[in-house]
Amino acid sequence: MSKLNIRRLIFDPRIAGISGDMLLGALIDLGADPKKIGDALKELSSHIPDCKAIKLKAYKTSRHEISAT
């Protein structure tokens, strides 16, 4: 019997909220594949009226010793 490798992320933005780019950057920092996220966004764009494309550009940055994606 094989063990399942289950990971969970509990996310509760009710206190301060979070923007979409902050959420995607945090997910990438946690190990999500940026290509898979980009592919999912491309699929999502086909369901949004008048949306021609959604592109994801992920890069690391650092300011005043605080880093982010």
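See the structure shown above.
Residues numbered from 1 in each chain as written. Predicted model: local features only at pLDDT ≥ 70, side-chain atom pairs only at ≥ 80, totals over all residues. Heavy atoms only, no water.

Observations concerning a nonpolar patch on the surface
Phase 1: The grouping of L9, F11, I18, M22 and L30 at the surface amounts to a nonpolar patch, some 510 Å² of accessible area in total.
Phase 2: Examined against the element boundaries, L30 turns out to sit in the loop between α1 (20-29) and α2 (34-45).
Phase 3: Classification of L30 by relative accessible area gives exposed; the value is 60%. (Patch = residues over 30% accessible without salt bridge, like charges linked within 9 Å, V, L, I, M, F, W, Y side chains within 5 Å. Areas by Shrake-Rupley, 256 points an atom, 1.4 Å probe, with all protein chains shown as cover. Salt bridge = Lys/Arg side-chain N within 4 Å of Asp/Glu carboxyl O. Helix = DSSP H or I, 4+ residues; strand = E, 2+ residues; numbered from the N terminus. Buried < 20%, exposed > 50% of the residue type's maximum accessible area, 1.4 Å probe, protein only.)

Quick notes on the environment of A68
Phase 1: Topologically, A68 is positioned in strand β2 (residues 66-68).
Phase 2: A residue is classified by how much of its surface remains accessible, and A68, at 34% relative accessible area, is partly exposed.
Phase 3: Sequence spacing of A68 and A53 is 15 residues, and the spatial spacing of their C-alpha atoms is 25 Å.
Phase 4: If sequence neighbours within four positions are ignored, A68 has contacts with D29, Y59, K60 and T61. (Contact = heavy atoms within 4.5 Å.)

Examining α2
Phase 1: With twelve residues, α2 extends 16 Å from end C-alpha to end C-alpha; this agrees with the ideal 16 Å at 1.5 Å per step.
Phase 2: Among all positions of α2, only I37, G38, L41 and S45 are buried. Buried residues of α2, viewed axially, fall in a sector of 100°; they line one side. Across α2 from its buried face, at more than 90 degrees, point the exposed residues K35 and K36.
Phase 3: The inward-facing, buried residues of α2 abut α1.
Phase 4: Of the residues flanking the start of α2, the one acting as N-cap is D33, its side-chain oxygen 2.9 Å from the backbone nitrogen of K35. (Expected span 1.5 Å × (residues − 1). Arc of directions from axis to C-beta. Polar contact = N/O pair within 3.5 Å; in protein donor to acceptor, adjacent residues only side chain to side chain.)

Side note on the layout of surface pockets
It is the rolling of a water-molecule-sized probe over the atoms that shows where space remains empty.
Phase 1: The calculated volume of the largest pocket comes to roughly 180 Å³.
Phase 2: Lining of the largest pocket is provided by D21, M22, L24, G25, I28, L56, K57, A58, Y59 and T69.
Phase 3: When its residues are assigned to classes, the lining of the largest pocket shows six nonpolar, two polar and two charged. (1 Å grid on protein atoms, 1.4 Å probe; cavity = no way out; pocket = protein on both sides within 12 Å on 5 of 7 lines; lining within 4 Å. Points joined across faces, edges and corners; volume = space filled by probe spheres on them. Nonpolar A, V, L, I, M, F, W, Y, C, P; charged D, E, K, R; others polar.)

Considering the side chain of S45
Phase 1: Along the chain, S45 turns up in helix α2.
Phase 2: Once residues lying within four places of it in the same chain are set aside, the contact partners of S45 are C51, A53 and I54.

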